[in-house]
Amino acid sequence: MSEPSPRLDPAVLAGYGPWTAPRPHTGRELERVLALLEACGVRGGSVALGHGRDAASRAAAAAFADAWQERGGQLAAVVDWPEDAASWLRQARRLTDPEPDAWVVAAAPVGWAQLSRRLRHSTGWDPRRTFGFAAAGDTRLVTAAGPGVLDGMRGATSEGRVWTIRRGWVMESADG
């Protein structure tokens, strides 16, 4: 017997909407994501970078990739995904198979909710080693993804503040 898919029904996701598209990242946001990684001991380490296919997510991922490599960091994988897919299993495996030191995510909430569920269900992914841009710090996203799926994930707001997901809530602070 096969395991049930962690895919969320589109009608369930629509109940959390309307979902807004990610906004262009800011310099403060990018710098804070980089600082969070370095503060967690990933300086110069291997990062798997995941992003949605919308323009803002692609631009944030490209800016992160450039800045990370300029600082001596390595990209273990760069993986994009659609907002809607049959299962996201291929993308989840591509993000986790290189066994990176950390993951960085730039994505719209709906696609990230779906992929994060697949990551938790089918891989050894750890949200505590995952860092995101502002769009991933949406409380509705955390609720839609389900209990415990994203707990421990951290990221940056567009103003450069830090958000952390704890017990299903997005908590914001001035520093990490």
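Since we're looking at a predicted model, the values are computed, not measured.

Chemist: Account for the sheet that holds strand E2 (residues 74–81), naming residues and giving values.
Modeler: Taking strand neighbours across the sheet as the criterion, the seven strands line up as E2-E1-E3-E4-E5-E6-E7 in an open arrangement whose pairing is mixed. Edge strands, defined here as strands with exactly one partner in the open sheet, are E2 and strand E7 (169–173). The mean angle between the axes of side-by-side strands here comes to 25°, regardless of whether they run parallel or antiparallel. Judged from the two bridges that link them, strand E4 (residues 130–132) and strand E5 (residues 154–156) form a sheet pairing that is parallel. Within E5, the residue paired with Phe131 across the bridge is Arg154.

Chemist: Tell me about unusual backbone geometry, and name the residues and values.
Modeler: The phi torsion at Trp88 lies on the positive side, around 65°, for a residue other than glycine. Mapped onto the elements, Trp88 comes out in the loop between E2 and helix H4 (89–96). We classify Trp88 as buried; its relative accessible area is 1%. Even without being glycine, Glu99 reaches a positive phi, approximately 50°. Structurally, Glu99 is set in the loop between H4 and strand E3 (102–106). Judged by relative accessible area, which is 68%, Glu99 ranks as exposed.

Chemist: Tell me what's going on with the nonpolar core, and back it up with residues and numbers.
Modeler: Membership of the largest hydrophobic core comes to 30 residues, with the highest contact counts inside it found for Trp81, Leu95, Trp112, Leu115, Leu150 and Met153. For this core, the element with the highest residue contribution is helix H5 (residues 109–122), accounting for five residues. Not counting the four nearest positions on each side in its chain, Leu115 is found in contact with Trp81, Trp88, Gln91, Ala92 and Leu95.

Chemist: Residue-level account of the pattern of salt bridges, with values.
Modeler: Per the stated rule, a full pass over the model turns up eight salt bridges. The salt bridge involving Glu38 is made with Arg71; its shortest N-O contact spans 3.2 Å. Taken together, the residues span a long stretch of sequence, with Glu38 in helix H2 (residues 27–39) and Arg71 in the loop between helix H3 (55–70) and E2 at a distance of 33 residues. Note that Asp138 and Arg140 form a salt bridge whose closest N and O atoms lie 3.0 Å from each other.

Chemist: Give a detailed account of the packing of H4 against H5, specifying residues and quantitative values.
Modeler: Contact geometry of H4 with H5 gives a least axis separation of 9 Å together with a crossing angle of 65°. If you check the angle between H4 and H5, you find them roughly perpendicular. For the crossing formed where H4 meets H5, the hand is right-handed. Contact residues: Leu89, Gln91, Ala92, Leu95 and Thr96 in H4; Leu115, Arg118, Leu119 and Ser122 in H5. When its residues are assigned to classes, the contact of H4 with H5 shows five nonpolar, three polar and one charged.

Chemist: Describe H4, listing the residues and the values that go with them.
Modeler: Residues of H4 that are buried: Gln91, Ala92, Leu95 and Thr96. Projection of H4 onto a plane perpendicular to its axis shows the buried side chains occupying an angular sector of 125°, all on one side. Residues of H4 that are buried sit in contact with strand E1 (46–52), E2, E3 and H5.

Conventions we followed
- Residues numbered from 1 in each chain as written.
- Predicted model: local features only at pLDDT ≥ 70, side-chain atom pairs only at ≥ 80, totals over all residues.
- Heavy atoms only, no water.
- Pairing = 2+ DSSP bridges.
- Helix = DSSP H or I, 4+ residues; strand = E, 2+ residues; numbered from the N terminus.
- Axes fitted to C-alpha atoms, helices over the stretch in contact; angles between N-to-C directions.
- Buried < 20%, exposed > 50% of the residue type's maximum accessible area, 1.4 Å probe, protein only.
- Core = buried A, V, L, I, M, F, W, Y, C linked by side-chain atoms within 4.5 Å.
- Contact = heavy atoms within 4.5 Å.
- Salt bridge = Lys/Arg side-chain N within 4 Å of Asp/Glu carboxyl O.
- Parallel < 35°, antiparallel > 145°, perpendicular 65-115°, else oblique.
- Left-handed = near helix turned anticlockwise from the far one by under 90°.
- Nonpolar A, V, L, I, M, F, W, Y, C, P; charged D, E, K, R; others polar.
- Arc of directions from axis to C-beta.

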